[in-house]
Amino acid sequence: GNFRGIFDWTTTSVPIPQDVGANQVLEVRLFEKIQAMSEAGIATGFGTLTLDGCHLLLSSWNMSTKLTAWSAGGWSGVTAASAMENMNVIQKLVALRDEIFAVHSL
């Protein structure tokens, strides 16, 4: 197939993927972009769940669970109520999930 315009205008070949190691830490800006992308996917997935059988919602949710492994920061405890007030619903769901996982692993 022709992938021009998607990957590289000068070639019709698909670029060789570079795997991110399970213990590799992403640079902060890249991590934040991917995190925003996964949150946008979750938010959009709620709107499309009846159309796509929850595929976007669940794949974005699964992506966000894997993303925390590539962050330099670890779990710092329960999110303060004052911090939760500044979060949107998706960020609150992700924070709650992260807290449940962290408490469970204690």
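Quick caveat: nothing in here was measured; it's all calculated off a predicted structure.

## A short note on the packing of aromatic side chains
Next up, step 1: Taken as a whole and judged by the stated rule, the model has zero aromatic pairs.
Next up, step 2: In this structure, Arg 97 is placed above the aromatic ring of Trp 61, and the distance from its NZ or CZ to the ring centre is 4.6 Å.

## Quick notes on the environment of Asp 98
Next up, step 1: By the element assignment, Asp 98 lies in helix 4 (residues 89-104).
Next up, step 2: Along the chain, Asp 98 and Gly 77 lie 21 residues apart, while their C-alpha atoms are 9.9 Å from each other.
Next up, step 3: Separated by 3.0 Å, the side chains of Asp 98 and Arg 97 make a polar contact.

## Quick look at the packing of helix 1 (residues 28-52) against helix 4
Next up, step 1: Following both chains from N to C, one finds helix 1 and helix 4 inclined at 110°, their axes separated by 9 Å at the closest point. Judged by the angle between their axes, helix 1 and helix 4 are roughly perpendicular. For helix 1 against helix 4, the interelement crossing comes out right-handed. Across the interface between the two elements, Glu 39, Ile 42, Ala 43 and Phe 46 of helix 1 pack against Ile 90, Gln 91, Leu 93 and Val 94 of helix 4.

Quick notes on the rules
Think of each chain on its own: its residues are numbered from 1, step by step along the sequence as written. It should be noted that, the model being predicted, local features are given only for residues of pLDDT at least 70 and side-chain atom pairs only at 80 or more, the latter also being counted only at that level, while totals for whole chains, interfaces and linings use all residues. With hydrogens and water excluded, all non-hydrogen atoms of the structure serve as input to the side-chain values. Here a Phe, Tyr or Trp ring, Trp counted by its six-membered ring, pairs with any other such ring whose centre lies within 6.5 Å, and the pair is stacked when the planes are under 30 degrees apart, edge-to-face when over 60, and tilted otherwise. Charges are assigned to positions over rings by a cutoff of 6 Å between ring centre and Lys NZ or Arg CZ, combined with an angular limit of 35 degrees from the ring normal. Under the scheme used here, helices are H or I runs from DSSP no shorter than 4 residues and strands are E runs no shorter than 2 residues, and both carry numbers assigned from the N terminus. What qualifies as a polar contact is a pair of N or O atoms within 3.5 Å, subject to a donor-acceptor requirement within protein and to the restriction that residues adjacent in sequence count only when both atoms come from side chains. Note on geometry: axes are lines fitted to C-alpha atoms, helical ones only across the stretch in contact, with angles between N-to-C directions running from 0 to 180 degrees. When describing relative orientation, an angle under 35 degrees is termed roughly parallel and one over 145 degrees roughly antiparallel, while 65 to 115 degrees is termed roughly perpendicular and anything else oblique. For any helix crossing, the convention is left-handed if the near helix is rotated counterclockwise from the far helix by under a right angle, and right-handed if that rotation is clockwise. The contact definition used throughout considers only heavy atoms, calling two residues in contact when any of these lie within 4.5 Å.

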